[in-house]
Amino acid sequence: MQTMIFAIEKINRINSLLPNITLGYRIYDSCSTHFHALRTAMTLMGGSEEENASTSCSGTVPVVIGDGGSTLSLVVARFLGVFHVPQVSYFSSCACLSNKLQFPAFLRTMPSDFFQVDALAQLVKHFGWTWVGVVAGDDAYGRGGAQIFVDKVRMIGACIALHEIIPKNHGQVLMSGIVERIHRSRARVVLLFALEQDAGALLKEALRQNLTEIQWLASEAWITAAVLSTAEFHPILQGSLGFAIRRAIIPDLQPFLLRLHPSMDPEDPFLQQFWQESFGCQLLGGGEMISTNKPACSGAEDLANLHNIYTDVSQLRISYNVYKAVYAIAHALDAMQKCVPGRGPFAGRSCPDNSGIAPWQLLYYLKRVDFTNEYGEETKFDNNGDPVATYDLINWQVSVEGKVKYVTVGRYDETTHSKLEIDEKAILWTGSHTDVPLSVCSQSCPPGTRKANKPNAAICCFDCVVCAAGEISNQTDAIECVQCLPEFWSNPRRDACIPKDVEFLSYEDNMGMTMLAVALVGSCCTLTVTFIFACHRTTPIVRANNSELSFLILSSLWLCFLCALPFIGEPTTWSCMLRHTAFAITFSLCISCILGKTIVVLMAFQATLPGSTVMKWFGPLQQRAMIFMGAVVQVVICGVWLAVAPPTPRRLLSRESSRVILLCDLGSALGFSLVLGYIGLLSTLCLLLAFLARKLPGNFNEAKLITFSMLIFFAVWVSFVPAYVSSPGKYSTATEVFAILASSYGLLACLFLPKCYIILLKPEKNTRKHLMSKFAH
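Per chain, residue numbering runs from 1 following the sequence as it is written. Per-residue local features of the predicted model are confined to residues with pLDDT of at least 70, and side-chain atom pairs are confined, for both listing and counting, to 80 or more; whole-chain, interface and lining totals are unaffected and use all residues. Side-chain measures were taken over the full set of non-hydrogen atoms in the model, leaving aside hydrogen atoms and water.

Here we look at the overall build of the chain
Note the threshold: Where helices and strands are cited, they refer to DSSP runs of H or I of at least four residues and of E of at least two residues respectively, numbered from the N terminus. With the radius of gyration taken over C-alpha atoms, the globule rule is written as 2.2 Å times the number of residues to the power 0.38. Accessibility here uses a 1.4 Å probe with only protein chains present; expressed as a share of the type maximum, an area under 20% marks a residue as buried, one over 50% as exposed, and anything in between as partly exposed. Contact criterion: two residues are considered in contact whenever any of their non-hydrogen atoms come within 4.5 Å of each other. Residue burial considers only the protein chains on display, and all accessible areas are found by Shrake-Rupley using a 1.4 Å probe. We count Lys and Arg on the positive side and Asp and Glu on the negative side, and we leave His and both chain ends out. A charged residue contributes its charge at one atom only: NZ of Lys, CZ of Arg, CG of Asp or CD of Glu.
Tallying secondary structure elements over the chain gives 22 helices and 22 strands in all. Taken over the C-alpha trace, the chain has a radius of gyration of 53 Å; the compact-globule value for 777 residues is 28 Å, which it surpasses by more than 25%. The C-alpha extent of the chain, read off along each of the three principal axes, is 165 × 65 × 40 Å. When burial is assessed residue by residue, the chain has 47% of its 777 residues classed as buried. Put simply, 66% of the contacts in the chain that link residues at least 6 apart link residues at least 24 apart. If you sum the accessible surface of the chain, you get close to 37600 Å²; carbon and sulfur atoms cover 59% of it. Charge-centre separation for the chain: the mean point of 61 positive side chains lies 23 Å from the mean point of 61 negative side chains.

Here you go:
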C-alpha cells in the first residue's frame, strides 16, 4: 500500500509524465473475503454521498489496483468486467484470469501461473526427477496451478506420486494424513503450491512428524515468505527451491516507508493497528485498542530501529509489481492526454474527452501500454492481459549466522530460447545431505536393459529387463532394445554390438585337431601297410592278391585319408572346390580298384574250369582300363559340376545365433548328389559281385573281405546323409570328414588287416600250400 502511495506521489511531483494532472487514490480493505472484496468494488462503482462530497477531483476515471489473491480477484474481475473498469492486479497469478471472455477488463503485472508452472516443470526435468508429489491449497490459485503442473510434468515423462489438497480449516487429522501420505509415497521431491497460510500449516505438521527427507519446491506465494524462513523451519526447508517474481531496488522507498508516524494521520486505521503491533504498545486517544496489558506508546518510537518485513527493502517483489501497475496506469493516461484529434483510435478517429473519460477508453490504452522503466525493465501486456514472464530461481541457504538467505541461482524468461538457466551455486538439502536428491519410483535402467512397465502402476514405475541375446541398449532408461545387424552380436553387457565370431572347422579347436590327428594316423597306417606289402611282395599272400591292384588300392586309400584335410580350416574358393572333387575322385578310384579286384577274383575261379578262356579278357591291361574308366566318369561329373555351379564359401548370418557360420556351399545339390550316387553305384556293384564270390574255395577268401568292407562302407555313408542334413554349422563339415575317415579306416582294416596279421604274426600260413589246400580239397 505504501509503495503505491510512493509511486503516485512520485508521478505527481515530476512533470515528464502526466503534466498538470494529479493522480488520486482511495484504499479499501477486502479483508481476504469474497464479501468484502465485492462490496468494495461495488462501492467504487456506485460511491456514497459522503465519498462524493469528500472528493476534490474532477473528470475522474476509476481504475483498480488489486486484489492480491487470485480467489478474490476472480470475484472482483467478473463484476468490474461488466462495466469495463480496468483492474490491474499485482499478485493474482491464477491462469484462469487470462480468459478474456470471462474477465475482459483484467490485467496484471504478476505473471500467470502457467509460466511459473512451466518453469517448475523444466526444473523437475533439469534435475531428472520423475516421481514428484503435489500439495495444493484449496483455492483457485492452488488448485489451478497444481493441475497445470500435473499436466506439464506428465508431458515431460514424469509421474505424480500424490496429489493432495490442503483444507482451509487446517484440521489436525487432515493435515497429519497428508504428511503421512507424503511419507508413504516415497517421493523425495514435493511441490507445495499454496498460499503462505496454507503452506505454513502443512509445514508445521511436517515439522512435527520430522519429515526431513523432502526436497520442497515452493510456489512464488511463499518462496520469499519471511514467516517460514525462521530457524524453526530450517530442518525441513533448508535448500528449498522455487520461483519468485523479479525483484528491484527502488531508490528512496525505504526513507518513505520509515517516515510513517501515527501523528501523520490519526484517523488512518491501517497505520494505527500497524504501529501498535510493530512496537507492542497501545496508542491512546485513537486507533484500535489491541491489548489492555501493553504500555502506552510514547510517540518516540522510530521505524528505523525495527528490522522486520516492512522495513526490509531487499526483497521488493510484490511491492515492485504494485509500482509497475501504478506506472502502467500513468502511462496509459499520458497516452490519452497526448492523443491528437483526428488521429485517435476511436470512431471517426476521435480522442477521449479528458473531462469525462469512459472506463473502457482507459482500458483500451492500458492494454497497449509499452514502456521501459528506470530500472531497464519493459512493461507491457499481451492479448491476455499478462506481462512478460520473468522469474528468479530462489534457493534457501542458511548462513553461518543461522539466517535464511534467498539466493538467486537461476532465471526463467519466457522470451529467451532456453527459458530456464540454472547456476551451479544451488544447494539442495534433504535431511543431512546436500546432494541432488533422487526422486524416482524406480531406479534408472542402465545400458544393456530396457524398461518394462509394471502392471497397474504409473509409467514411471517399471522393472529393468536385460536385453535379449543379439539385442542392445546403449542409453539409460531405454524403452526398447535394438536388434544388432546380422554381422554383429551383443556383448555380455548388452550395451554394444560386436562382430560375431566366425565359426568353421578349424585346426585350432578340439574337433579340428582330432580330425586332423585321425586323418594323419590313417595315412601313416596306410603307408605302413604299403611298406609291409612292399617288403613281402614276393610272398604268396601278396602275389595271390594281385600286388599291382593292392598297391593301387593302398595309394588311393592314402589319398582318401589326405582328402579329409581340405575340409579342415577356413573355407576359401579353392579349398571348397578341392575338398569335394578330391573326395569324389579318390573314393571313385579306390572303389574302382576294389571293383576290379573283385571281378578278377571272380573271373579267376571261372578260368579254372576246363576250356575257359575268360582270363584273356581280364588281363593287367584290361584291369587298368577298367579302373581308369571308373575314375574318369567321376572326373567328368566333377568337371561339369565345377563348370556349372562350383562350391563356394558362404557365410550363414542368423539373427538368433552369436556366430557367423563359414562353410562351403555346394553350389549345386544335383552335382553333389551325382557324385555320391556314382560312388554308391560303384560300391553296389562291388558288393554284389563280392557277395556272389563269397563261397569260393580257399583259406583266404578275398571276396568275403571285400563284402565286409563294402558293408561297412555302406553303413557309414547311409548314416551320413541324415546326419549331414541335420547337423548345424561346422558340425555338418565334421560329419562329412568323419564319414570319409570312417569309410577309409573300414576299407583299410577289412582288406589289409587280415593279410598283415598273416604276414607278421602267422608266417607259417603265408605259403602257397596253405593257400591252395582248401582249393585242392
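From this point, the discussion proceeds with the structure in view.
A look at the packing of aromatic side chains
Quick note on the threshold: Paired rings are identified among Phe, Tyr and Trp, the last through its six-membered ring, by centres lying within 6.5 Å, and are further divided according to the angle between planes into stacked (under 30 degrees), edge-to-face (over 60) and tilted (the rest).
Inspection of every chain in the model, using the stated rule, returns 28 aromatic pairs. Between the aromatic rings of Phe6 and Phe256, the centroid separation amounts to 5.3 Å while the plane-to-plane angle is 65°, which identifies the pairing as edge-to-face. One end of the pair, Phe6, is in helix α1 (residues 2-13); the other, Phe256, is in helix α10 (residues 253-258), and 250 residues separate them in sequence. By relative accessible area, Phe6 is classed as buried at 4%. Note on Phe346 and Trp360: the rings are 5.1 Å apart at their centroids and 75° apart in plane angle, and the pair reads as edge-to-face. Within this pair, whereas Phe346 is found in the loop between α12 (318-337) and α13 (359-367), its partner Trp360 is found in helix α13, the two being separated by 14 residues in sequence.

Digging into helix α4 (residues 70-83)
In plain terms, the rule: Helices are assigned an expected span. That span is 1.5 Å times one less than the residue count. To obtain the bend at a residue, axes are fitted to the seven residues ending there and to the seven starting there, and the angle between these axes is taken.
With 14 residues, α4 should reach 20 Å at 1.5 Å per residue; the first-to-last C-alpha distance of 20 Å fits that figure. Within α4, the axis deviates most sharply at Ala77, by approximately 25°. Burial in α4 covers these residues: Ser70, Leu72, Ser73, Leu74, Val76, Ala77, Phe79, Leu80 and Gly81. Tucked inside the fold, the buried residues of α4 contact α2 (34-46), β1 (64-65), β2 (87-89), β3 (106-108) and α6 (140-155). Positive backbone phi, at 60°, marks His84, one or two positions downstream of α4.

Looking at the nonpolar core
Here is the rule: As used here, the term nonpolar core means buried Ala, Val, Leu, Ile, Met, Phe, Trp, Tyr and Cys residues forming a set that is joined through side-chain atoms within 4.5 Å.
One finds Phe583, Phe587, Ile594, Met710, Trp717 and Phe752 to be the most contacted residues of the largest nonpolar core, which totals 63 residues. Counting residues per element, the ones that place at least two in this core are α14 (510-535), α15 (540-544), α16 (547-562), α17 (573-607), α18 (620-644), α19 (669-692), α20 (702-726) and α21 (730-761). By residue number, the principal contributor to this core is α17, which donates 13 residues. Formed by 50 residues, the second largest nonpolar core is a distinct cluster that contains Ile250, Leu283, Tyr310 and Phe346.

Remarks on the packing of α1 against α12
Just so we agree on the cut-off: In this analysis an axis means a line fitted to C-alpha atoms, helices contributing only their contacting stretch, and an angle means the value between N-to-C directions, from 0 to 180 degrees. Left-handed describes a crossing in which the near helix is turned anticlockwise from the far one by less than a right angle; the clockwise case is right-handed. Each residue is assigned to one of three groups, with Ala, Val, Leu, Ile, Met, Phe, Trp, Tyr, Cys and Pro labelled nonpolar, Asp, Glu, Lys and Arg labelled charged, and all others, Gly among them, labelled polar.
Relative to each other, α1 and α12 sit at 35°, their axes nearing to 8 Å. Relative to α12, the crossing made by α1 is right-handed. For the pair formed by α1 and α12, the contact residues are Thr3, Met4, Phe6, Ala7, Ile8, Lys10 and Ile11 on the first element and Ser319, Val322, Tyr323, Val326, Tyr327 and Ala330 on the second. Considered class by class, the residues forming the contact of α1 with α12 number 10 nonpolar, 2 polar and 1 charged.

Describing the state of the cysteines
Stated formally: Two cysteine sulfur atoms form a disulfide, by the criterion used here, when they sit within 2.5 Å.
Enumeration over the complete set of coordinates arrives at 9 disulfides. Here Cys94 is linked by a disulfide to Cys96, with a sulfur-sulfur distance of 2.3 Å. Looking along the S-S bond of the Cys94-Cys96 disulfide, the torsion reads about 125°, which is the right-handed sense. Overall, the relative accessible area of 3% leaves Cys94 in the buried class. Through a disulfide, Cys576 is tied to Cys664; the S-S separation comes to 1.9 Å. Given an S-S torsion of about -80°, the disulfide between Cys576 and Cys664 has left-handed geometry.

Describing the sheet that holds strand β22 (residues 659-665)
Note the cut-off: DSSP bridges decide pairing: two strands pair if at least two such bridges lie between them.
The strand order across the open sheet formed by 3 strands is β20-β22-β21, and the pairing between neighbours is mixed. Here the strands that pair on one side only, and so sit at the sheet edges, are β20 (501-503) and β21 (648-652). Ignoring which end each strand starts from, the neighbouring axes of this sheet average 30° apart. Inspection of the sheet shows β21 paired to β22 by 5 bridges, in the antiparallel sense. If you follow Arg650 over to β22, its bridge partner there is Leu663.

Some remarks on empty space enclosed by the protein
How we decide: Both cavities and pockets are sets of points on a 1 Å grid over the protein atoms alone; in a cavity a 1.4 Å probe fits but cannot get out, in a pocket the set is open with protein on both sides within 12 Å along at least five of seven lines, and lining residues sit with an atom within 4 Å of a point. Grid points are joined across faces, edges and corners, and a volume is the space filled by probe spheres set on the points.
In this structure the tally under the stated criterion is 4 cavities of 30 Å³ or more. Lining the largest cavity, in full, are Phe504, Leu505, Phe567, Gly569, Pro571, Arg579, Leu662, Leu663, Lys730 and Thr733. Secondary-structure elements contributing two or more residues to the lining of the largest cavity are β22 and α21. Here the lining of the largest cavity is built from residues that sort into 6 nonpolar, 2 polar and 2 charged.

Description of the pairing of strand β5 (residues 159-166)
For clarity, the cut-off: Handedness of a crossover: with both strands directed away from the viewer, a clockwise path from the first strand across the helix to the second marks it as right-handed.
Examined bridge by bridge, strand β4 (residues 131-137) and β5 share 7 bridges and lie parallel to one another. Opposite Gly137, over in β5, you have Ile166 as the bridge partner. Running through α6, the crossover from β4 to the neighbouring parallel element β5 is right-handed.

With respect to the sheet that holds β5
The 8 strands lie next to each other as β5-β4-β6-β7-β8-β11-β12-β13, forming an open sheet whose pairing is mixed. A single partner strand is all that each edge strand has here, and the edge strands are β5 and β13 (420-422). For this sheet, the mean inter-axis angle between neighbouring strands, taken without regard to orientation, is 25°. Sheet analysis places strand β6 (residues 189-193) next to strand β7 (residues 215-218), joined by 4 bridges and oriented parallel. Paired with Val189 across the two strands is Gln215, which belongs to β7.

Thoughts on a nonpolar patch on the surface
Which entries qualify depends on this criterion: Patches draw on residues past 30% relative accessible area with no salt bridge. Two like charges within 9 Å are joined, as are two nonpolar side chains (Val, Leu, Ile, Met, Phe, Trp, Tyr) within 5 Å. Every case where a carboxyl oxygen of Asp or Glu lies within 4 Å of a side-chain nitrogen of Lys or Arg is listed as a salt bridge.
There is a patch of nonpolar side chains on the surface, built from Leu527, Trp558 and Leu559 and spanning about 250 Å² of accessible area. For Leu559, a relative accessible area of 35% gives the class partly exposed.

Points about unusual backbone geometry
Trans peptide bonds make up the majority, and among non-glycine residues the majority have a negative phi. Of the consecutive residues Gly66 and Asp67, the connecting peptide bond is found in the cis state with omega at -10°. Mapped onto the fold, Asp67 is located in the loop between β1 and α4. Backbone geometry at Asn210 places phi at a positive 55°, although glycine is not the residue there. Mapped onto the elements of the fold, Asn210 is located in the loop between α8 (196-208) and β7.

Re the side chain of Lys152
Looking at the secondary structure, you find Lys152 in helix α6. Here Lys152 falls in the buried class, since its relative accessible area comes to 17%. Those residues within four positions of Lys152 in sequence are excluded, and the remaining contacts are Phe114, Val117, Asp118 and Ala121.

Considerations on α2
For the α-helix, the turn length of 3.6 residues means that residues three or four positions removed from each other point alike. Test applied: As used here, the arc belongs to the directions running from the helix axis to the C-beta atoms.
With 13 residues, α2 should reach 18 Å at 1.5 Å per residue; the first-to-last C-alpha distance of 18 Å fits that figure. Turning to α2, its buried residues number three or more, namely Ala37, Thr40 and Ala41. Mapping the buried residues of α2 onto a view down its axis gives an arc of 100°, with all of them on the same face. Away from its buried face, by an angle of more than 90 degrees, α2 presents the exposed residues Phe35 and Gly46. In this structure, the buried side of α2 is in contact with α4.

Remarks on the environment of Tyr327
Relative to the helices and strands, Tyr327 resides in helix α12. Here the alpha-carbon distance between Tyr327 and Val173, two residues 154 residues apart in the chain, equals 47 Å. Those residues in contact with Tyr327 that lie beyond four places of it in its chain are Ala7, Lys10, Ile11, Leu17, Phe371 and Glu374.

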